[in-house]
Amino acid sequence: MPENNDIRTKIVREHIPNVVFYIPFVYYYVVRLGTVWKLLSWMLIYIMPTAFYSWLTYKGGWLPFTVNYLLLLVAVFSLYELGYIFNDTVAVQKERQPAIRLHNRNFRHFEKYMPVIVGVRIFFTTEALGLLWAFNRSWQAIADTHMWLIYGCVIIMMAVFGLYNSWRSRYNVWLYPILVFSRYLPFMLLYSFDGWGTLMLWLSFPCVNWLERFSMPRFRFPFMRKIIPTEESKTLFRVLYYLIVLWTPQLLPLPMIVKYMYMFPLELLCFYRMMVLFYVQHNKPKNYLNG
């Protein structure tokens, strides 16, 4: 644990077992989310749009699509979680006001078994990508070109996360949208590229999440102070963001060539954010805005 008294504690559980370092999705749920409600929220802002827009590019049965999606999900998120792990264990050592999400015993375990943890994570990713390739040898649902694009995207994702973790300043916010979208983009490369689907996927979460980063308490940029003056104001900001994104095509003088189905995930997310806004006005959810 960093030897720094000026820390921001974001530990969401009294006990965090060290096994979370090894199992895909478990680290993110136990350390970063902490509650079932935040897990459901993550499924809505990540699983739902990536599956929906990927499905729009696919022509075939539901079984090959489901297997392909789940294998790619394991491959991408296993490595992305490794980025989270290094952020929470190594990158925090370089910060003046680190956000501590792990207990001392977790720090000690990571320092002792770091090569094993990295190896296990790489194993899950390579096995998932290998199975993805093998299954599609018979199904022929994914072209070889798209498989190589996916491999390249996964490698770039880890390179960007490594740069992000080593670059600790207020200006790494400009790298953040690339980092976040790097875990979304592979799902748009499985079958055939869809420009509108990719744009809508970017707007579904990576874009609004990037804008919020400009309002981080430690590094709040002046132009965001009036828009998001406090952490609590993010709830209203999210609702306004989705309303603007949904209504902008209707207000433009030129017709937008966007099919209605492309807007469905954004409409669902807008409704969800409205429900959250109403709920937090009367309740205080555990671990809310403590991501």
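Whatever comes next refers back to the structure up there.
The structure displayed is predicted, hence computed values, not measured ones.

A.B. asks: Sorry if this is basic, but what is going on with the overall build of the protein here?
C.D. replies: Within the protein one finds 11 helices and 2 strands. When the helices and strands of the protein are placed in sequence order, the string is β-α-α-α-β-α-α-α-α-α-α-α-α. Across its three principal axes, the protein shows a C-alpha extent of roughly 55 × 45 × 35 Å. For the protein, long-range pairs separated by at least 24 residues make up 73% of all intrachain contacts whose partners lie at least 6 apart in sequence. In the protein, which carries 28 positive and 14 negative side-chain charges, the distance between the mean positions of the two groups comes to 4 Å.

A.B. asks: Would you take a moment to explain unusual backbone geometry for this structure?
C.D. replies: With the exception of glycine, most residues fall at negative phi, and the peptide bonds are largely trans. One non-glycine residue, Phe25, lies in the positive phi region at around 80°. Take Phe25: its relative accessible area is 25%, and that puts it in the partly exposed class.

A.B. asks: Help me understand the environment of Met274 in this model?
C.D. replies: Position of Met274 relative to the elements: it lies in helix 11 (residues 264-280). Sequence separation between Met274 and Val173 is 101 residues; the distance between their C-alpha atoms is 27 Å. Leaving out residues up to four positions away in the same chain, Met274 has contacts with Val239 and Leu243.

A.B. asks: Explain the environment of Tyr84 here, please?
C.D. replies: Note that Tyr84 resides in helix 3 (residues 62-89). As for Tyr84 and Arg32, which are separated by 52 residues in sequence, their C-alpha atoms are 8.7 Å apart. Contacts of Tyr84, omitting those with residues within four sequence positions, involve Tyr27, Tyr28, Arg32, Phe161 and Arg183.

A.B. asks: Even after reading the chapter, I still don't get the pattern of salt bridges, so can you show me in this structure?
C.D. replies: It is possible for side chains bearing opposite charge to pair when their charged atoms get close. Under the definition given, this model contains 4 salt bridges. Among the ionic pairs, Arg32 bridges to Asp88, the shortest N-O distance being 2.8 Å. Taken together, the residues span a long stretch of sequence, with Arg32 in helix 1 (residues 26-33) and Asp88 in helix 3 at a distance of 56 residues. Residue classification places Arg32 among the buried positions, given a relative accessible area of 12%.

A.B. asks: Would you mind going over the nonpolar core with me for this structure?
C.D. replies: Note on soluble globular proteins: their nonpolar side chains tend to be buried together. Within the largest apolar cluster, 83 residues are counted, with the highest numbers of intra-cluster contacts made by Phe21, Tyr27, Tyr46 and Leu266. Of the residues forming this core, the biggest block, 13 residues, is contributed by helix 3. In this structure, Phe21 is in contact with Tyr27, Ile85, Leu102, Asn106, His109, Phe110, Ile117 and Arg121, ignoring residues within four places of it in sequence.

A.B. asks: Can you help me understand the packing of helix 1 against helix 3 in this one?
C.D. replies: What describes two packed helices is the angle between their axes and the distance between those same axes. For the pair helix 1 and helix 3, the least separation of the axes is 9 Å and the interaxial angle reads 40°. In the packing of helix 1 onto helix 3, the handedness of the crossing is left-handed. Here Val26, Tyr27, Tyr28, Val31 and Arg32 of helix 1 come into contact with helix 3, specifically with Phe77, Glu81, Tyr84, Ile85, Asn87 and Asp88. Considered class by class, the residues forming the contact of helix 1 with helix 3 number 7 nonpolar, 1 polar and 3 charged.

A.B. asks: Explanation requested: the packing of aromatic side chains in the structure shown.
C.D. replies: Here the structure, examined in full by the defined rule, presents 40 aromatic pairs. Plain terms: the ring middles of Tyr46 and Phe187 are 6.1 Å apart, the flat faces sit at 80° to each other, and that makes the pair edge-to-face. Of this pair, Tyr46 sits in helix 2 (residues 36-56) while Phe187 sits in the loop between helix 6 (176-181) and helix 7 (195-204), and the two are 141 residues apart along the sequence. Like Phe187, Tyr46 is buried. A ring pair is formed by Tyr58 and Tyr191, whose centres lie 4.5 Å apart and whose planes are at 50°; its orientation type is tilted.

A.B. asks: Help me understand helix 3, please; the structure alone is not making it clear to me.
C.D. replies: It helps to recall that an α-helix has 3.6 residues per turn; residues three or four apart then point in one direction. Here helix 3 contains 28 residues, and its C-alpha end-to-end distance of 40 Å stays within 8% of the 40 Å for a straight helix at 1.5 Å per residue. Among the 28 residues that make up helix 3, 21 are buried, leaving the element largely enclosed by the rest of the structure.

A.B. asks: Would you take a moment to explain a nonpolar patch on the surface for this structure?
C.D. replies: Side chains of Val36, Trp37, Leu40 and Met43 sit close together on the surface and give an oily, nonpolar patch of about 460 Å² of accessible area. By the element assignment, Val36 lies in helix 2.

The rules behind the values
- Residues numbered from 1 in each chain as written.
- Predicted model: local features only at pLDDT ≥ 70, side-chain atom pairs only at ≥ 80, totals over all residues.
- Heavy atoms only, no water.
- Helix = DSSP H or I, 4+ residues; strand = E, 2+ residues; numbered from the N terminus.
- Contact = heavy atoms within 4.5 Å.
- Lys, Arg positive; Asp, Glu negative; His and termini not counted.
- Charge placed at Lys NZ, Arg CZ, Asp CG, Glu CD.
- Buried < 20%, exposed > 50% of the residue type's maximum accessible area, 1.4 Å probe, protein only.
- Salt bridge = Lys/Arg side-chain N within 4 Å of Asp/Glu carboxyl O.
- Core = buried A, V, L, I, M, F, W, Y, C linked by side-chain atoms within 4.5 Å.
- Axes fitted to C-alpha atoms, helices over the stretch in contact; angles between N-to-C directions.
- Left-handed = near helix turned anticlockwise from the far one by under 90°.
- Nonpolar A, V, L, I, M, F, W, Y, C, P; charged D, E, K, R; others polar.
- Phe/Tyr/Trp six-rings, centres within 6.5 Å; stacked < 30°, edge-to-face > 60°.
- Expected span 1.5 Å × (residues − 1).
- Patch = residues over 30% accessible without salt bridge, like charges linked within 9 Å, V, L, I, M, F, W, Y side chains within 5 Å.
- Areas by Shrake-Rupley, 256 points an atom, 1.4 Å probe, with all protein chains shown as cover.

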